[in-house]
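# What the coordinates show
Here is how the chains run, residue by residue.
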Amino acid sequence: MTTATLKTGIQPISTGRRVKDRVVQVLVYLAFLVAVVPLVSVLYLVIKNGLARFDMEFLTHSMRNIGPNDAGGGAYHAIVGTLEQVLLASLIAVPIGLLTAVYLVEYSRGGRLARAISFFVDVMTGIPSVVAGLFILAFWILVLGFEFSGFAGAMALSILMMPTVVRATEEMLRLVPMDLREAAFALGVPKWRTIVKVVLPTALTGIVTGVMLAVARVAGETAPVLLTVFFTDSINTDPFHGPQMDLPLFIFSQMQLPNQTAIDRAWAGALTLILIVMLLNLLARLISWWRSPVRKG
Amino acid sequence: MAKQIEVAELDAYYGSHKAIEGITMTVEPRSVTAFIGPSGCGKSTFLRTLNRMHEVIPGATVQGKVRLEDQDLYGPDVDPVSVRRTIGMVFQRPNPFPTMSIFDNVAAGLRLNGRFSKSELNGVVEESLKGANLWNEVKDRLHKPGSGLSGGQQQRLCIARAIAVRPQVLLMDEPCSALDPISTLAIEDLISKLKTEYTIVIVTHNMQQAARVSDRTAFFNLAAQGQPGKLIEMAETSKIFTNPTEKATEDYITGRFG
Amino acid sequence: MAQDLKKPEGGPAMRRSAFRRSRGDTPFRFVSTGAGIVLLAIMAAIAVFLIAKAVPALQANKANFLTYFDWTPNATVPMFGIAVLAFGTVVSSFIALVIATPIAIGVALFISHYAPRRLASTLGYVVDLLAAVPSVVYGLWGFTFLVPLMVPPSKFLNTYFGWIPLFGGDSVVGRSMLTASLVLAIMILPIIAAISREVFLQAPKTLEEAAYALGATRWEMIRMAVLPFGRPGVISAAMLGLGRAMGETIAVALIFPITFNISFQILSPNGNSIAANIANGFGEANAIGRGALIASGLVLFLITLLVNSMARLIIARRKEYARAAA
Ligand SMILES: Nc1ncnc2c1ncn2[C@@H]1O[C@H](COP(=O)(O)OP(=O)(O)OP(=O)(O)O)[C@@H](O)[C@H]1O
Ligand SMILES: [Mg+2]
C-alpha cells in the first residue's frame, strides 16, 4: 500500500465533516419548526379571535337585516349551506367515483378506455378549483340558464371530489386479496355479487376514509362556490333554488367589510369551518387507524 | 494494517428483543474467520456489531465490549462513523450506488475523507479494482453506471469500494449467496488473496465455502425460536469440520439439523 | 398526490380467469363502465363549455388578448389581455415554490431520517394538518395578520437590499407580491413535503447501509443514497406544488394589490393573478366580462395542465429508474 491513507488505529473524522453534518441536522430541525410556525399561528389566531363571536346567536342566526356595521348576526345560513352543498356534492361524486374505480380495477383489462379514464382522472386532479367553478358557471348558468344555487355549487365541488374518490377507491380495491375474489367465484357467486358483497365491504373503511378526506377538502373551497352559489344574507334551505351561502363564502364576504364586528364574524366562521374540517379529518384518520393491520397485528 | 478484534460478553438487542447474548471471541489478524449457524441465530447481527452498523437500525442497541487491538469501539468518545471507515463491510446483495459510475462507486469512500488529486484517485481506484480482480473486466468502461455489471461483478465492485478506503478489517455477510458458482469462485479466490493484508470475517451458509476459505470457524446457535443466539464453539476450521467439541456443532455440519 | 407514486399497474383484472357471466353481471358492468365514461364526458364538457363561452368574448375583444396589459372587458369598448395576469400567476407561484421547496425537503428529511422514530408519524401528521386548513382561512390569516406583519421586514429589505431589482421600488406595502407568495408557499409546503417524505422513505435501505459502511456521516449518507434516489420524486412534487399555487384563488385574491402592470419589484404594490382576478372581477362582470374571465380561466387550466403533465412525466421516468435500481 503506497498511498498516504495508510494509518493505524481509528482515526476520528475531520472537523469539517462533523461540522457539516451538525449544520445540516440543525437546518433540518429548523425547517420543521419553520413549517409548523404558520400552522400554530393560524390555529392560535382562529381560536383566539374566533371565540369572540362563537356563540349561540352565531350558530343559530343568519345575517338577514344585519347592516355591515351592526354587531350580532350569525352564520346559520352558511352552515346549512355548507352541509347541504357538501352532501349533494358527495351524492354526485361518490357513486361516479366509486363505480369508475370498480370499472378500472375489476372490469377493464388495461384497455384503451381504461387508460384514457386513468389519464383524465390525473388531469382532473390538477384542475384549479376556480376552473371547476367557471365550468359550472358556463355550462349550468350561462348556457342552460339555471339560476345560482347550492346545487350548482355542489356540482362544481363534485368535480373536485371525483378524482380523489376514484384514486382512494382504486387503491383500496387493489389491496383486496385476489384469493378473496377467487374464493367467492369458486362458490359460484357471480362477479358483480362478489364485488358488491365481498370486495367493496372489505375495502369499505378505506374508501370511507378517502371520501371523508375529499369532503374535508371541498368543504373549505371558496372559488367554485363564489361563481355558482353566489351570496345571500338570508336563510335559504332549498339548495335547488336561488343563491345560498356557505362558510367559506361567509368568511370571504365578512372579512372584506371594513369594521371589527364583521372581521370578528369572519374569524368565528373560520373557527366553525376548521372545526368541521378537522372533525372530518380526525374521523377519517380514526377509521383508517381502527382498520389498520398494525393495530390488529 | 490488519488488526485483531476482541469481543467480550456482547449482547445485542432490537428494541427489547435480545438477538444475541454473551458472545466472547477473538478474531485473529491476517486470517479469514467464518461464522456459521442456522438461520436467525444472529450471525448478521453479531457481524454488524463489529463495525457499529447494528445501531443504524432504529431501536437497536449493544451491550458489551469490542476492541480493535487496544481501542474500545464502543468507548464514549468513539465516533461510529470513524469505526465504519476503519472496518469495512460487504453485504449479502451487491449494492453499488446506481446513480454513480463504476469509478465513482470505488472513489465514493475516498471522496468522503478529504480531497484527493485526480491522479491519486485514479491510482487508488485502479489499485482497488485490481485488488478485487475486476480491473480487466471494467477498465474500458469505468465511467459507465455500476448497475450495468453482472451480479458477480457488482459484488466485486462492492468489495473494491470497501477496500478503496484501506480498512483494517473487512466484514462480509454472505457475500456469495446471491451469486452463481463461477462468480462465487472468483470471490473466494479474492478472499484468499485479501487475507494477506486484511482481517476478514465472513458469514456463510455454505459449509464447503467455510471449509475452503476460512482459517478459523465460529459456530452460532440458538436454543429455541425467540431465544437469543449464542456462540457455541470456535476453533481452527479443520478442527470444527473434523473433530468438533460440541455435539450441536457436529449435528449442524453433518446436516443433521438446520 | 402521494398515492399516485405507487399506483400498482395491472390490477386483479389482469389475472382474472374467464368465469361464466351471470345475469346480474351485465348491468353492473354496464353501470360501472358508464360511470367511467361519464367522467370522461365531464372532462370533455369542461373543455367544450369553457371554449364556447370564451370565444364570443375573445371576438368582442378590441385588444390583443395575449399582449394587452389591462383588463376592462365591461367597458363599452371591451379590451382585455392576459399578459399581466399570467405574469403574476407564474411569478408569484414560482417565488412560492422557491420559498417552499427547500423547507419542504427539510421537513421531509426530518420526518424520514432525523426525527425520533416514535415521533415521526405523529409529526408527519402535524405537517399534513397544514394542508387541511381551508385556503379561505389562510386568506383571512394573511389578510388580517400577515399583511401588516410583513411591512417592517419589507421596508428593511427595501432599504438595505433595494439595489437588488427584486426588492427595489419606491413604495413598500404589506399587500405585495411577496406576501401573496409567502401565503402560497405555506399552502403548497405540505404537499411537497408529503410526497418528498414518501420517496425519501422508499430510498433503498441497502444503499443507505452501503454509504454508512463506507464511513459516511448521516448527511453524507443522505447525499449519497437518499437524495439521488429521491430527486425525480422531489422535482415532480415541486411541480405539483407549482400547479397548486397557480390555481389558488381566495387566499391571494385579498392580498394581491390588484394592479395591471408587470414588474419584478415584489415589495411594491404590483401584481395580480388569473385566479384572483376571477374572484375579484366576477361580481361586477357583464356578459362579455364573464366570457373574458372564462377565457382567462382557460389559460390558467392550460398552464396548470402543462405543469402537472411535466410532473407526471418525471414520476413516470422515476418508476423506470426505480425498476432499474431494484
Ligand atoms: N431489523 C431487525 N429488527 C428486529 N429484529 C431483527 C432485525 N434483524 C434481525 N432481527 C432478529 O434478530 C435475530 C437474528 O437475526 P440475524 O439476521 O442476525 O440472523 P442470521 O443468523 O444472520 O440469519 P440468516 O442466516 O438467515 O441471515 C432474528 O431473530 C431476527 O428475527
Ligand atoms: Mg444474516
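Residues numbered from 1 in each chain as written. Chains lettered and ligands numbered in written order. Predicted model: local features only at pLDDT ≥ 70, side-chain atom pairs only at ≥ 80, totals over all residues. Heavy atoms only, no water.

## Description of the pairing of strand E6 (residues 87–90) of chain B
Residue and element names in this part refer to chain B. A two-sided burial pattern is seen for E6, the buried positions comprising Ile-87 and Met-89 on one face and Gly-88 and Val-90 on the other. Direction of pairing for E6 relative to strand E7 (residues 169–173): parallel, over a ladder of four bridges. From the neighbouring strand, Met-89 faces E7, where its bridge partner is Leu-171. (Buried < 20%, exposed > 50% of the residue type's maximum accessible area, 1.4 Å probe, protein only. Helix = DSSP H or I, 4+ residues; strand = E, 2+ residues; numbered from the N terminus. Pairing = 2+ DSSP bridges.)

## A word on the interface of chain C and chain B
On the chain B side, the residues contacting the 18 residues of chain C number 22 residues. In total, chain C and chain B occlude about 1800 Å² of area from one another, counting both sides; carbon and sulfur atoms represent 72% of this. Three residues stand out in chain C for area buried against chain B, namely Glu-209, Leu-214 and Met-224 of chain C, and they jointly supply 34% of the buried area on that side. Between chain C and chain B we count one salt bridge in total. Here Arg-48 of chain B and Glu-209 of chain C are joined by a salt bridge, their closest N and O atoms 2.7 Å apart. When residues of the side of chain C that touches chain B are traced back to their parent elements, those giving at least two are helix H9 (205–213), helix H10 (218–247) and helix H13 (287–325) of chain C. For the side of chain C that touches chain B, the leading source of residues is H9 of chain C, giving seven residues. (Contact = heavy atoms within 4.5 Å. Buried area = accessible area lost by both parts, 1.4 Å probe. Salt bridge = Lys/Arg side-chain N within 4 Å of Asp/Glu carboxyl O.)

## Remarks on helix H10 (residues 247–255) of chain A
Residues and elements named next belong to chain A. Of all the nine residues making up H10, nine are buried; the element is thus mostly covered by neighbouring parts of the structure. Considered for burial, the residues of H10 that qualify are Leu-247, Pro-248, Leu-249, Phe-250, Ile-251, Phe-252, Ser-253, Gln-254 and Met-255. Among the residues of H10, the N-terminal cap falls to Asp-246, whose side-chain oxygen and the backbone nitrogen of Leu-249 are separated by 3.2 Å. (Polar contact = N/O pair within 3.5 Å; in protein donor to acceptor, adjacent residues only side chain to side chain.)

## With respect to the packing of helix H5 (residues 129–143) of chain A against helix H3 (residues 25–60) of chain C
Running from amino to carboxyl end, H5 of chain A crosses H3 of chain C at an angle of 70°, the nearest separation of the two axes being 9 Å. Taken as axis vectors, H5 of chain A and H3 of chain C run roughly perpendicular relative to one another. Taken together, the residues of H3 of chain C that come into contact with H5 of chain A (itself represented by Val-131, Leu-134, Phe-135, Ala-138, Phe-139, Leu-142 and Val-143 of chain A) are Ile-42, Ala-45, Ile-46, Phe-49, Leu-50 and Lys-53 of chain C. Residue composition of the contact of H5 of chain A with H3 of chain C, grouped by class: twelve nonpolar, no polar and one charged. (Axes fitted to C-alpha atoms, helices over the stretch in contact; angles between N-to-C directions. Parallel < 35°, antiparallel > 145°, perpendicular 65-115°, else oblique. Nonpolar A, V, L, I, M, F, W, Y, C, P; charged D, E, K, R; others polar.)

## Quick word on the interface of chain C and chain A
At the interface, 87 residues of chain C touch 89 residues of chain A. Surface buried jointly by chain C and chain A totals about 8200 Å² across both partners, of which 78% is contributed by carbon and sulfur atoms. For the interface between chain C and chain A, the tally reads two salt bridges. The salt bridge partner of Asp-122 of chain A is Arg-312 of chain C, with a shortest N-O separation of 4.0 Å. At the junction of chain C and chain A, the tally comes to six residue pairs in polar contact (both at pLDDT 80 or more). Looking at which element gives the most residues to the side of chain C that touches chain A, the answer is H3 of chain C, with 19 residues. Classifying every residue of the side of chain C that touches chain A by side-chain character gives 56 nonpolar, 19 polar and twelve charged.

## A look at the pattern of salt bridges
Following the criterion strictly, the structure yields 26 salt bridges over all chains and no others. A salt bridge links Lys-130 of chain B to Glu-126 of chain B, with the nearest nitrogen and oxygen atoms 2.6 Å apart. Here Lys-130 of chain B pairs with Glu-126 of chain B, and both are found in helix H4 (residues 118–131), just four residues apart, close to one helical turn. You can call Lys-130 of chain B partly exposed: its relative accessible area is 40%. On the basis of relative accessibility, which here comes to 29%, the residue Glu-126 of chain B falls in the partly exposed class. Taken together, the shared-partner salt bridges in this structure form one network comprising Asp-122, Arg-167, Glu-170 and Arg-174 of chain A together with Arg-312 of chain C.

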